[in-house]
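Here are the chains, one letter per residue:
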Amino acid sequence: MAAFRARFAPLYPVTVRRCKLPEDTWGDTGIVQVKGEPRLQVRVSKDLDDVGSLCVLIHELAHVIAYRNDEAELLRESPHDAEFGVAFARLWRELVDC
């Protein structure tokens, strides 16, 4: 997360949690309120192994980068549009160094 925070400037502070999620969910990203302030919360299933967790974390952090605000999100065609794809590729390149 230190590398992510050093290279990217998300709209809101980001919290990452590993937790029990429904069986068919590997991870998700959403806005939560913490002490009245918005935060982007990334959740990754604790049932995944280390490699799976890393892949899902990078996927969800790409959503964080592509996220603009609630109103703009309603206008997007898909949560996995071109903007997400660019963010996803950039994260892989910068965080995994490949």
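Details of the structure are given in the entry above.
A.B. asks: Can you explain helix α4 (residues 82–96)? Please cite residues and give values.
C.D. replies: Taking 1.5 Å of rise per residue, the 15 residues of α4 would be expected to cover 21 Å, and the 21 Å separating its terminal C-alpha atoms lies within 8% of that figure. For α4, the full list of buried residues reads Phe84, Ala87 and Leu91. End-on, the buried residues of α4 take up no more than an arc of 65°, which puts them together on one face. Opposite the buried face of α4, at more than 90 degrees from it, the exposed residues are Ala82 and Val86. Close packing links the buried residues of α4 with α1 (2–7) and α2 (50–66). The residue sitting at the N-terminus of α4 and contributing the capping side-chain oxygen is Asp81; that oxygen lies 3.3 Å from the backbone nitrogen of Glu83.

A.B. asks: Please give an account of the sheet that holds strand β3 (residues 37–45) that cites residues and values.
C.D. replies: The 3 strands lie next to each other as β1-β3-β2, forming an open sheet whose pairing is mixed. In this open sheet, the two strands that pair with only one neighbour each are β1 (14–19) and β2 (27–34). Strand-to-strand twist across the sheet, computed as the mean angle between neighbouring axes with direction ignored, equals 30°. As paired elements, β1 and β3 share 6 bridges and run parallel to each other. In the strand pairing of β3, Arg17 is matched with Arg43.

A.B. asks: Go over the state of the cysteines, please, and point to the residues and values.
C.D. replies: Overall, the coordinates contain 0 disulfides when judged by the stated rule. Cys55 supplies the cysteine sulfur nearest to Cys19, a cysteine that is in no disulfide, at a spacing of 18 Å.

A.B. asks: Help me get a handle on the environment of Glu94, residues and values and all.
C.D. replies: Within the element layout of this structure, Glu94 appears in helix α4. Taking the relative accessible area as the measure of exposure, Glu94 reaches 27% and is therefore partly exposed. Residues Glu94 and Phe4 lie 90 residues apart in sequence; the distance between their C-alpha atoms is 8.8 Å. When neighbours within four sequence positions are excluded, Glu94 is seen to be in contact with Arg7 and Phe8.

Cut-offs used in this document
- Residues numbered from 1 in each chain as written.
- Predicted model: local features only at pLDDT ≥ 70, side-chain atom pairs only at ≥ 80, totals over all residues.
- Heavy atoms only, no water.
- Helix = DSSP H or I, 4+ residues; strand = E, 2+ residues; numbered from the N terminus.
- Expected span 1.5 Å × (residues − 1).
- Buried < 20%, exposed > 50% of the residue type's maximum accessible area, 1.4 Å probe, protein only.
- Arc of directions from axis to C-beta.
- Contact = heavy atoms within 4.5 Å.
- Polar contact = N/O pair within 3.5 Å; in protein donor to acceptor, adjacent residues only side chain to side chain.
- Pairing = 2+ DSSP bridges.
- Axes fitted to C-alpha atoms, helices over the stretch in contact; angles between N-to-C directions.
- Disulfide = S-S within 2.5 Å.

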